[in-house]
Structure formats: structure tokens, C-alpha cells
Amino acid sequence: MSDDDWPAPLPRPGDDEASGADASVFGVFTSPSETALPAPGTAGVTDEPSESPATESPATTASGVTMAPPDPPAAATAAEQPGSDGSHLRFLPGRRRIGPLGWVGGSLLGIWLVAMPLTSTVTELRQNTQIVVMVLAVLGVNIATGYGGMISLGHGVFVAVGSFAAAYAVDDLQLPWVVSIIAGAVFAGALGALVGLPALRIKGIHLALVTLGLAIVFQPLAKRFPAFSGGVSGRAVGAEMVPPSWFGTSRWAEGFYRYLICLAVVALAIWLTHNIINSRPGRAMRAVRDNDTAAAVYGVNVVASRVNTFAVSASLAGLAGSLNIVLVPFASQESYPFSESLVLYATAVLGGLGSLWGSVLGVAIREIFSWLGELIDNVSGLGPFSELLSLLDEEQFVFGVLLIALTFVFPRGLIGMFTRRTGERAPRSRRNRTRA
């Protein structure tokens, strides 16, 4: 075997112009601009070294006329770029950009967030604020499963732990509300890091069963710690988040103040999560999801990545629990059965795993169809169909039917309707034909 028959070596982590690596792994170590268009003649793309066009010497004909080397073809696009040895680079679509439907959906969401508190009663405002807060819990599931590749069926536990921790901090420790909310998220994140340790040895369906078992044992376990959870009857929180005097003293003003606080926290959490996902640890997280062995070869600390993934996802769920205490000053383990964890996971899948906005869309679609079910249930005079339509008043029935139907139509989640793939492109080399 000659030296030319050996494959080109894989690039090392941090190489700026290495394109021979698997895009799903090596792409986590470089920015999109670095991996979008690799330089011709780099390792892993060409079969033999060649000089760049800038260093070619002019050719001289028999008549003594000097001819400059031809310029590279201007028709080479990002779809197919010729290499120096005649090979072609094919670029696969990567990053998703917002499509027209995405802009429409975002506009409708913004209008609803502005108009909803102005047209709602006190009770409706609190319920709608809880819907906004639920986005954080679903986002936590999305981080663990969609970005980390670890199926978690127990995130309802982290929501409950965050609410208990925030209630304990603000009521027993007399800490300010801001500190108590952060304490709930931190405590849930620490518990998530401990739960993430089994993910170092097991994964797939076995990890899903471990997290489901955690959700099942949580309720009887929480009853054994009345100082923290309030025992069987739960615990009421005496402290209340009171708005400043200039904001108003009516019940609606207090509810609107809590709505603004929760909305600001949710927006800040989504922004921070976006930054984490697009940072180096976030890209390493996705590399471990795609291929943990290859990620380890490239220098990713698989242990730290998986533990950090669970910690971040649990912190988001715990933050949702902390905000629930702000809205309803009462915490009980009966509010978080193991079925709540399954609903959170199903909502994340419905919206679309691996997408921040998929979490928002999953919660929105779930609530929209529940609202439509209530409207249809009020229709009468349809004879035998009335009994069937009465099932639409059951939220679990509507959500189950929605999940079954949309899983067949949109197996990757509803977020696929609102996005289109473009931008970041992963290079793939097409070798020359076999040499003679």
C-alpha cells in the first residue's frame, strides 16, 4: 500500500480549517463561519497535497508568451465547491432559520402576551401566567432530551423540589423573594446533577425508567419530610410578593405585577439557555448526544457534559416551581404526580425536541386545543355525537388525541412547520474516482 492510499488524518480540536471530521462532532468546536466553507487542500478533503492557485507559476508557451493561470471558477457555490484535486465538497443544511410561519407565530405570541393581561380577570390572569411559567419546565425536558440525548421522564420532581425549596427559603429562612426564587432553581439543579450520575453508566430506555422511578417514589418520599414539604397536607407560604404602592393595591394590579415578574424571568431564562446552547459547553453537549465515543476522542469531558446537562435542565424546571410559589403561595406533593412528568415530556416532544421555541410551541398548542375542546363541548343538539363531544371537556383526552395525531403528521415536532434549514453547513467530501 502506497502512502497515497492512506486516509487523511482527522483534524484536532481547535483546528480552524479542518473539514475531514464528522460534522456532528467536530462542528461543536468551531463557529458556523469556521465550518461553513473549508479551504481547499486541507486534511481530510484532498487525497494528495497540491499547491494553492496563488502559488502557481505562470505557464510559458512555445512562442514565448507567458500565460497566467486561470482564475478559480466563479460558479462554485456553497452547494458544491470544487477542491484543489478535482474533488467536490457537498454542504448539508444545518442551522434552522425562521420561516414566514415562524414570524407570524411570533407576532401572534407577542400580541397575546400584551393583550392577555388587559382582558383577563384575576383568576384568568393567574392561570395564564402559570401557562407562561410551564414553558420553563418543558424547556428543561428539552435540554435533557433534545440537546443532551438523555430521556427524562421525571422532570416533574424537579418542579416540585424547586417549589418546596423556594417556599422554605422565603417562609422559614425569611429570605427575599429574589433570593428564594434563585435558591429553588439552584437546589433543583443540584438534585439534577445527582440524578445525572446514573446517566454515566446507563442511557436510552434504562435511563428513562430510572427517571420515571424517581417520579413515582417522590410523592411518598416527600411526605416523610414535613419540615421541608409540609407532609401530607402540604405547606402554605405566609409571605406574599406585594407590588410597590405606585403600582396599585387592587387584586388585579397584584396579579399583573406577578405576571410581569414571571414573564421577565422566563424571558431571561430562555435568553441564558440560548447562550449556553451556543457556547462551547453547549456544542459539546450536542456532540455527546450524537456520539459520545467520538466526542471523547475529540477531547470532550463526557462525564462533566452529561452532569451539567442534567443540572441545567433541572434548574429550569426548579425555576418553574419557584415561580409557581409566587403565583400560588402553596406547595404540595399532590400537585406533582408522576403523570405530570409524562405530560411535560409529551409536551416537549409535541413542540419539537432540540429547539428552544419548540418548548414554547408545545405549551401553546396544548392550551389552544384544550380551549377549543371546551368550546366544542358547549355545542348541543347533535344527537348521539353529543356524548362523543363531551369527551373534549377532558383535558387529558384532548391532549392524548392531539399527541397521537400529530406524532404521525409531524414526527419531529410542530416546530418543523415554522423553520427552514439554511445557514450553517457541514462539509462532506466526495472523493475522486479510482485512479488508473
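The model shown is predicted, which means the values in this text are computed figures rather than measured ones. Throughout this description, residue numbers start from 1 for each chain and increase along the sequence as written. Local features in this predicted model are restricted to residues whose pLDDT is 70 or higher, and side-chain atom pairs enter the listing and the counts only when it is 80 or higher, whereas totals over whole chains, interfaces and linings include all residues. Side-chain descriptors were evaluated using all non-hydrogen atoms of the structure, hydrogens and water having been removed beforehand.

Let's talk about the overall build of the protein chain
Helix and strand definitions follow DSSP, with helices as H or I runs of at least four residues and strands as E runs of at least two, each counted in order from the N terminus. Secondary structure summary: the protein chain contains 16 helices and nine strands in total. The buried share of the protein chain, taken over its 436 residues, is 40%. The criterion used for residue contact is that any of the two residues' heavy atoms lie within 4.5 Å. Taking all contacts inside the protein chain whose residues are at least 6 apart in sequence as the whole, residues at least 24 apart take part in 76%. For every residue, the accessible area obtained with a 1.4 Å probe (protein chains only) is divided by the maximum for its type, and the residue is called buried under 20%, exposed over 50%, and partly exposed between those limits.

Some points on the packing of helix α4 (residues 122-147) against helix α9 (residues 251-277)
Fitting a line to C-alpha atoms yields each axis, with helices limited to the stretch in contact; the angle taken between N-to-C directions then spans 0 to 180 degrees. One can describe the packing of α4 onto α9 by two numbers: an axis separation of 9 Å at closest approach and a directional angle of 15 degrees. With respect to each other, α4 and α9 are oriented roughly parallel. The hand of the α4/α9 crossing is left-handed. Within the contact between the two elements, α4 uses V122, L125, T129, V132, V133, V135, L136, L139, I143 and Y147 and α9 uses R251, W252, G255, F256, Y259, C262, L263, V266, A269, I270, T273 and I277. For the contact of α4 with α9, a count of residues per class yields 18 nonpolar, three polar and one charged. Orientation labels follow simple angle bins: below 35 degrees gives roughly parallel, above 145 gives roughly antiparallel, 65 to 115 gives roughly perpendicular, and whatever is left gives oblique. Handedness of a crossing is defined here by the sense of rotation of the near helix relative to the far one, left-handed for an anticlockwise turn of less than a right angle and right-handed for a clockwise turn. In this classification, Asp, Glu, Lys and Arg are treated as charged, Ala, Val, Leu, Ile, Met, Phe, Trp, Tyr, Cys and Pro as nonpolar, and every other residue, Gly included, as polar.

Considerations on the pattern of salt bridges
Salt bridges are defined as contacts in which a side-chain nitrogen from Lys or Arg sits within 4 Å of a carboxyl oxygen from Asp or Glu. With the rule as written, the count across this model stands at five salt bridges. The partner of K203 in a salt bridge is D292, with the nearest N and O atoms 3.0 Å apart. Residue K203 is located in the loop between α6 (177-195) and α7 (205-222), and its partner D292 is located in helix α11 (residues 292-297); the two are separated by 89 residues in the primary sequence. Ionic pairing is found between D290 and R289, a salt bridge with its closest N-O pair at 3.1 Å. Under the relative-accessibility criterion, D290 is labelled partly exposed at 37%. A relative accessible area of 32% means that R289 is categorised as partly exposed. Each of the salt bridges in this network shares a partner with another, and the network as a whole consists of K203, D292 and R306.

Some remarks on the packing of aromatic side chains
The pairing test for Phe, Tyr and Trp rings, Trp by its six-membered ring, is centres within 6.5 Å, and the orientation test on the planes gives stacked under 30 degrees, edge-to-face over 60, and tilted for anything in between. The final tally for this structure, using the stated rule, is nine aromatic pairs. Ring centres of W246 and F247 lie 5.7 Å apart, and the angle between their planes is 65 degrees; on these two criteria the pair is classed as edge-to-face. Judged by relative accessible area, W246 falls into the exposed class, the value being 70%. Joined through ring pairs, the aromatic side chains of W246, F247, W252, F256, Y257 and Y259 make up one cluster.

Observations concerning the environment of A208
Topologically, A208 is positioned in helix α7. Distance in space between the C-alpha atoms of A208 and I151 is 5.2 Å, their sequence separation being 57 residues. What A208 contacts, discounting residues up to four positions off in sequence, is I151 and L153.

Description of the layout of surface pockets
In this approach the atoms are scanned with a rolling probe the size of a water molecule, which exposes any empty space left behind. Using a grid of 1 Å spacing that covers the protein atoms alone, one calls a set of points a cavity when a 1.4 Å probe fits there but cannot get out, and a pocket when the set is open and has protein on both sides within 12 Å along at least five of seven lines; lining residues are those with an atom within 4 Å of a point. Grid points are joined across faces, edges and corners, and a volume is the space filled by probe spheres set on the points. As a volume, the second largest pocket reaches approximately 450 Å³. Every residue lining the second largest pocket is counted, 18 residues in all, and those nearest its centre are I181, I182, V265, L268 and L319. Elements with a contribution of two residues or more to the lining of the second largest pocket: α6, α9 and α12 (302-327). Among the elements that make up the lining of the second largest pocket, the one with the highest residue count is α9 (seven residues). Among the residues forming the lining of the second largest pocket, the class breakdown is 16 nonpolar, two polar and no charged.

Structural notes on unusual backbone geometry
With phi around 55 degrees, Q174 is a residue other than glycine that occupies positive phi space. Given the relative accessible area of 61%, Q174 is considered exposed.

Quick look at the side chain of N128
Note on placement: N128 falls in helix α4. Apart from residues lying up to four places away in sequence, N128 is in contact with W112, M116 and S120.

What to know about a nonpolar patch on the surface
On the surface, a nonpolar cluster with roughly 590 Å² of combined accessible area is contributed by Y168, L173, L175, V178, V179, I182 and V186. Broken down by element, the nonpolar patch gets its largest block of residues, four residues, from α6. For patch detection, residues must exceed 30% relative accessible area and be free of salt bridges, and they are connected within 9 Å for like charges or within 5 Å for nonpolar side chains (Val, Leu, Ile, Met, Phe, Trp, Tyr). With residues, only the protein chains shown are counted as cover, and all accessible areas are computed by Shrake-Rupley using a 1.4 Å probe.

With respect to the confidence of the model for the protein chain
Low pLDDT marks regions whose predicted coordinates should not be analysed in detail. The predictor's confidence in any single residue is recorded as pLDDT, a number from 0 to 100. For the protein chain, the mean per-residue pLDDT works out to 75, and 68% of the residues sit at or above 70. Below a pLDDT of 50 lies the segment residues 6-63, which in the model reaches 98 contacts outside its immediate sequence neighbourhood of four places, other chains included.

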